[in-house]
Structures are given as structure tokens and as C-alpha cells.
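# A structural walkthrough
What follows is each chain in one-letter form.
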Amino acid sequence: MTELTKHEPTTIYIKPSKGLAALNLRDLWVYRELVFFMVWRDVKVKYKQTLLGMAWAVIQPVMTMLIFTFLFGKVAKLPTDGVPYPVFSFTGLLPWGLFVTALNQGSRSLVAHNNMVTKIYFPRLILPISAVLSGLVDFAIAFVILIILMFYYQVSPAWNLFWTLPLFLLLALVTAMGVALWLSAINVQYRDVNQALPFLTQFWLFATPVAYSSSVISQKWQILYSLNPMAGVVNGFRWSLLGTGSGPDISLWVSVGISIFIFISGLFYFRSMEKTFADTI
Amino acid sequence: MTTAISVKNIGKQYKIGAAETKFRYNMLRDVIMDTVYAPVRIAKAMIGKSDRRSNQNYVWALKDVSFDLEEGKVLGIVGRNGAGKSTLLKILSRVTDPTVGTVSVRGRVGSLLEVGTGFHPELTGRENIYMNGAILGMRRSEIESKFDEIVDFSEVTQYIDTPVKRYSSGMYLRLAFAVAAHLEPEILVVDEVLAVGDAEFQKKCLGKMGDVAQQGRTVLFVSHNMSAILRLTQEAIVLNKGQMLMRGPTQEAVDFYLSSGQAQAGERVWGVEDVSAASQPFRPISLKIKNRGGKVVDTVRSIEPVTVEFEYQLDAPVTGLRIGFYLSTMRGEYVLASFDTDEPNLFEKFDSRKAGRYISRAEIPADIFNEGRYSIGVNASSFGVRRYFMDENAIAFNVDISGAPGTHWPEPRVGPVRPRLNWKIEKIGD
């Protein structure tokens, strides 16, 4: 029989929240362990009772890369800035995989956990956050494959890899998070998101320079093209890993700006809709 | 004494009806249709024709509820289904926001609104303990230190490393409750989690809840189980249709709640406002308790049969209808349930009832009841299909045992049943 903990309890005031809700980062920090648990759970469950287990994290990007190599590398012979096509496309598939997890898992995260949302208090931000972070595990596994590929094709990495790559990874996460926040909140009320997702994912894939280099886009369309935040992410990844492409330029900064905008606005939209989740989900 | 919870004029409003579409998941096409039809709706409104869809109805699930709860006290919350109990708990647990009013809560709140939230069927019992504990707000270190206790309480020790999808429902419940029961917040809010599970399990839960209450935590307990409320709580509040009707010592509150449906002198009549439109074509009229002489009474003698008479109207033919009642003690324990088509020949004959006015009448044999007050709830439903009407506490009556066997000793007997048994005494040796 344990005693009541001796710390001084804090008082919380519950009232109808109006207008722009504060981000409540303190609560998020208190619940940080839950993020870890949810990521752990998602990863564990994903591969339970599968024959191939974690191998699936490798099979998907590798298969996609092989198909792309055949279609776009050999048949269409798209230019790849001087790098073997498999390495070229795989470098793009890495951040893209993270983004797709955010799109799919992230946008469904609230609705999929609706029993938790309606019965228990916890910062709802945890759901899309952990959905996106669980993509990092697959990312790490695929990254190992990329290293193997680079060895095989004897492509040497760019010299500033160690500090540029983490930055671009961060950019990828920010972009993925921003999109996940918007979509998950919208999906609670408008389930159209579920229907639109497969189409959106496909379209976005072709609008992002994963299978091809963005240098094929003509100059006058470049700025419009760079409105796709993933364009900046994928290009940046390629540049930091392989040294191809033009490096940080205006189109990159446009993409970064858009990513940050989507992220911040997503946070605020999510928080302002949060109080209605339990009622509308 | 410090106040743990202070609730001031809480109200929670929901939109229902046409406007409900905003609160349910929407399809874009609904929004488009709405916009397309908007001019039609506006035109209709202008010429005074009310559009059924444009009637926005608001319902207050909670209205003007206020109370203070001191630290260390256990408060029960009782009320009919739909009274607002779960809504109140949701607000206290910060799952949903109040529309008006404020609540101040001092201390960590642990909510048991449902057991097994966050359980994933693919994970093992061990993994689910960690998962569920984390969701309920326990730190990892806390879960680890209590792990063995939790497993012992749940009695699934040998299955702890099997995926939960292989558990029987009883094991699942026990494990889920075990985790929740080891939460140690300053304030515990419990919503009828004891309504599930078998008798053994319920006993265990009640025991644990009793322990928690005795540790000096502040507890809010919602239940339909009056004996649990009586056992665990010191005070209770009664909610009805979103409003707080009374607050008082538990026995008084329970009595008030159980008798609040009753009319006087053995008869209950339902007015139009007591019955929802959803019960159509069934319309309850009255429920009467009659003694052997056919007189409507509110006190019967146990040595005489009692007649329960339910009068109702069917505005259209109904198939598969069964009418019955539930009898329970004033402490909320059920004694029996019986339906008019229990008897096979009646079941066949009245499978389909034509429209008209009916009486379903049952005679409870003499020498069944013990002394006391009993409550009757009525139910009209089509088994497994639809429930037309239900009134859980329609009427109450008293039983007087004068003249019953054994009354030459001035002692109360236990149990709601006091039958006249056929005793024989034989001498079988020297």
C-alpha cells in the first residue's frame, strides 16, 4: 500500500478555450515518454507475425528503386547528374519514404486512435508526432542499404556530409510533420482525406525529383516547382550525400520557407481544432 | 481541508439534428450539397416554410452544475442514462472542454473511463502493461516498480508473454483493470468500469476501489450499481437531464434517485413528455400494482399474490414484441426479470400483435418476497432488434410479511426472497 506522493500538487483550471490556443509545450514534455512508447509500439506491431519482419523496411525502397532504374534509368534514360541511376533514385527514395509515412500514418493517426482521444487526456500532438517519428526507423534501415549501394557503385560521399545531412534530415522531418499535422486534424472532421490520400501520394511523388533530376525542369518553371517543399528536401539530400545538384540556392530557400510555414501553421491549426476532436471524431 | 475539485456552473452544449452534420465526419459532397441548396433553404425560410434540415437544435448535456469536493472524499454520481454523468467525467478528465463554466482541479487526475484503452492485440501482456500504463500517465519507472503487483492482481502470470489477442475476454479485462487500478493519482475518476466482467472480477474491482478510497485519495465514482455506490462513497450527487438535482449523504441520494421515478399509490402513468418519439408505434400508458382483490395498492402482503399490470397502446402492428419487467431491491440488486412471451404458447400466439390497446398482466405467486421495498422497471423491446421503451425505475411497492412463515421470531431474514418451503422433520434413530 503506497502513500500519496509527497510533492505539492499543481492546480489546473479547465475552462472553455477560446481562439488561438497556446502550444502547451510543457504538457508535451511531461508526456514525452508516451511518444517513445507509441513509436516503439508502432514499430513492433508493424512487423509482428510477418515472415520477413524488418526485411520489409528494405524491400520496399529497393524494389521501387529497381523499377525506377529499369523504367527511368534504362528505358527513358533520364539524366542523373553523373551518378549511377540506382544510387540517384535511392537517395531520393529515402526522405520520400519518411514523407509517405507521415502522409499515410500521420494523417490517420488521430482517427485510428479514436478510442484514446475520446477517453483519455494526453496532448493530442503526440499522435501525429509519433506517427512521423516511427518512419525514422524504416529510414535508418534503408540508410544502411544506401551506404551499401554507394560502396558497390563506388560513389564517394560529399565532404560536408556530416553536418549537412542532419540538417536536411531535420528539414525532411519538419516538412513531414507539418503535412501530418494539417492532414490529421482535417481528417477528424472531413474523412475525404482518407480517400484523397492514395491519389495525393502518387501525384506528389511525380512532382518531387525522386525519379528524375530537377534540372530537367525548365528555368521558367523552377520557382513554381520549388513551391513543393519536398523538392527542396530531396535535392538537399542528394546534394549533401552525393554532391550533385546546385546546392543551396534560391529554390532551396523557397522550399525551406514553405516547409516552415506549413509546420508552424499546422501546429496552430491542430491546437485550435484540438478541443473539438473528442466531440467530432 | 483543501478543496480538490471545484466545479462552477459547468455547462456542455451539443448541437443535434441537422446541425449535427457539422459534428459528424463530413464528406466534401455534403458541404457542396449544402452550398448548392443554400438559396433554396433561404427562400424557404423567407416564405416562412420551416425546413426540417435547418432546424438547429441545441441540447445541454450538462447545465449549471456546481459542486466542491474536498481532498480525500469519495463522491458518487448517479443518474439515469443520458443524465450527463459521462460528460461530466470527460470534462473533469480534460478529454473535452466545457461550453461554459470553470473547473479547478488540484492534483493529478487519473481517469478510468474505459479499461484497456490503448491495448493492442498484437502486443504481449507485458508490452501492453507498459503501453497502457504510459497512456494513463504513468512514468516508465513507475510501471516497472509496480509491474509484479499488476501481474499478480490480474492473475495472468503465465500468459504474460503471449499476445493479448489470444486472451479470453476475462483475462483481457483483468489485465486492463489491473493496470488502471495501480494508477496513483491524487484524484481518481471512475466511470462504470465495473459494469463489465463476471461476479468474481467485479468483487475484486470493488475491493481494489475500496482500498484506493481508503488510501485517502479523492475519488469520483459513477455507477449504476447502487450497492457499489453505497459501499464506496460517503456522499453522492444525482444528475438528471444534465442538471444536478441533489447532493447529500449516499443513502439519501440513492433513495432519492431510486424513488424519483415513482408516482404514488401503486400506479405509474406516463405522460407525453415522458416518452420519446423513438418508441413509436409503442406507447406506454400505465403500470399498476394490484393486490389479490384487484385493488391498486402500494403495499402488498407477502402471503398473497401480487399482480403487475402494464397497459400500453400499439399504433401499428408490431412483430416480435415482448413486454416485461425487472424487479430490484432498493439497493439496486436485481431479483428477477420476466417477459410476457416467456411462455412458449404465448410466444407463438402473440408473435405478431395488431394495433390496439393492450394489457400485459402477470401474477407473482404468494410467499416469494421478503419484507422491504422493491422497484420495478419496465421494458418493451424486440429481442436483438430494437428497444421500444424502457423505464428503469417505473414504480416501487412495499411488502409486508405479517403472517408469513417464521414471523413468530422477531428477526429480519436475509435476501430478497422469502419462500414458503416444504419442511419435513423426521426422527431417524435413537
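Everything here concerns the structure above.
Residues numbered from 1 in each chain as written. Chains lettered and ligands numbered in written order. Predicted model: local features only at pLDDT ≥ 70, side-chain atom pairs only at ≥ 80, totals over all residues.

A few words on the overall build of chain B. In terms of regular secondary structure, chain B is built from 10 helices and 20 strands. When the 430 residues of chain B are sorted by exposure, 35% land in the buried category. (Helix = DSSP H or I, 4+ residues; strand = E, 2+ residues; numbered from the N terminus. Buried ≥ 20, exposed ≤ 12 C-beta atoms within 10 Å, placed from the backbone.)

Our next topic: the interface of chain B and chain A. If you look at the interface, chain B gives 42 residues, while chain A gives 34 residues. Elements that contribute at least two residues to the side of chain B that touches chain A include exactly α3 (85–92), β4 (100–106) and α4 (125–136) of chain B. Ranked by residues supplied to the side of chain B that touches chain A, first place goes to β4 of chain B with 6 residues. Among the residues making up the side of chain B that touches chain A, the classes are represented as 17 nonpolar, 13 polar and 12 charged. (Contact = placed C-beta atoms within 7 Å. Nonpolar A, V, L, I, M, F, W, Y, C, P; charged D, E, K, R; others polar.)

Bringing unusual backbone geometry into the picture now. Across the chain, the bulk of peptide bonds are trans and the bulk of non-glycine residues have phi less than zero. All names here are of chain B. Following Q280, the chain continues into P281 via a peptide bond in cis, with omega recorded as 0°. Take P281: it is sitting in the loop between β10 (267–269) and β11 (282–290). For E155, which is not glycine, the phi torsion reads 60° and is therefore positive. The phi dihedral of K241 falls on the positive side, at around 50°, and the residue is not glycine. Along the polypeptide, K241 turns up in the loop between β8 (235–240) and β9 (243–249).

Turning our attention to helix α10 (residues 229–242) of chain A. Residues and elements named next belong to chain A. Across its 14 residues, α10 extends 20 Å between first and last C-alpha, which sits within 8% of the 20 Å expected from 1.5 Å per residue. For α10, a buried count of 14 out of 14 residues is recorded, marking the element as mostly surrounded by other parts of the structure. Downstream of α10 by a residue or two, G243 has a phi angle that is positive, lying close to 80°. (Expected span 1.5 Å × (residues − 1).)

Right, let's talk about the pairing of strand β20 (residues 386–400) of chain B for a bit. All names here are of chain B. With 3 bridges connecting them, strand β12 (residues 299–301) and β20 associate as parallel partners. Following the sheet pairing, R301 is matched in β20 by D400. Sheet topology places strand β19 (residues 372–382) next to β20; 10 bridges connect them, and they run antiparallel. By the bridge assignment for β20, R373 is matched with N398. (Pairing = 2+ DSSP bridges.)

It is worth spelling out the environment of T244 of chain A at this point. Residues and elements named next belong to chain A. With respect to the element layout, T244 can be found in the loop between α10 and α11 (250–280). Distance in space between the C-alpha atoms of T244 and P157 is 10.0 Å, their sequence separation being 87 residues. Setting aside chain neighbours within four positions, we find T244 in contact with D81, G82, V83, R238 and W239.

With that settled, consider the packing of helix α2 (residues 32–47) of chain A against α4 of chain B. Direction vectors running N to C along α2 of chain A and α4 of chain B enclose 145°, while the axes themselves pass 9 Å from each other. Helix-helix and strand crossings are classified by hand; for α2 of chain A and α4 of chain B the assignment is left-handed. On the side of α2 of chain A, the interface is formed by E33, L34, F37 and R41 of chain A, while α4 of chain B contributes Y130, M131, A134 and I135 of chain B. The residue inventory of the contact of α2 of chain A with α4 of chain B, partitioned by class, reads 6 nonpolar, no polar and 2 charged. (Axes fitted to C-alpha atoms, helices over the stretch in contact; angles between N-to-C directions. Left-handed = near helix turned anticlockwise from the far one by under 90°.)

With that settled, the discussion passes to the sheet that holds β12 of chain B. All names here are of chain B. Strand order across the open sheet formed by 5 strands is β12-β20-β19-β15-β16, with mixed pairing between neighbours. One side of each edge strand has no neighbouring strand; the edge strands of this open sheet are β12 and β16 (334–339). Strand-to-strand twist in this sheet, taken as the mean axis angle between neighbours without regard to direction, amounts to 30°. Where strand β15 (residues 321–329) and β19 come together, 9 bridges link them in antiparallel fashion. From the neighbouring strand, G324 faces β19, where its bridge partner is N379.

The next point concerns the nonpolar core. By size, the foremost hydrophobic cluster in this structure holds 143 residues, and its most contacted members are A102 and A176 of chain A together with I77 and L92 of chain B. Of the residues forming this core, the biggest block, 15 residues, is contributed by helix α7 (residues 161–189) of chain A. In this structure L92 of chain B touches I5, V103, V105, V109, V189 and L220 of chain B, once residues within four positions along its chain are discounted. (Core = buried A, V, L, I, M, F, W, Y, C linked by C-beta atoms within 7 Å.)

So, about the packing of helix α4 (residues 85–112) of chain A against α10 of chain A. Residue and element names in this part refer to chain A. For the pair α4 and α10, the least separation of the axes is 8 Å and the interaxial angle reads 140°. The orientation of α4 relative to α10 falls into the category oblique. Both α4 and α10 take part in a crossing whose hand is right-handed. Residues T91, G92, L94, P95, W96 and F99 of α4 touch α10, and the partners they reach there are M230, V233, V234, F237, R238, L241 and L242. Considering only residue class, the contact of α4 with α10 consists of 10 nonpolar, 2 polar and 1 charged. (Parallel < 35°, antiparallel > 145°, perpendicular 65-115°, else oblique.)

Purely spatial values, then, with no claim about function.
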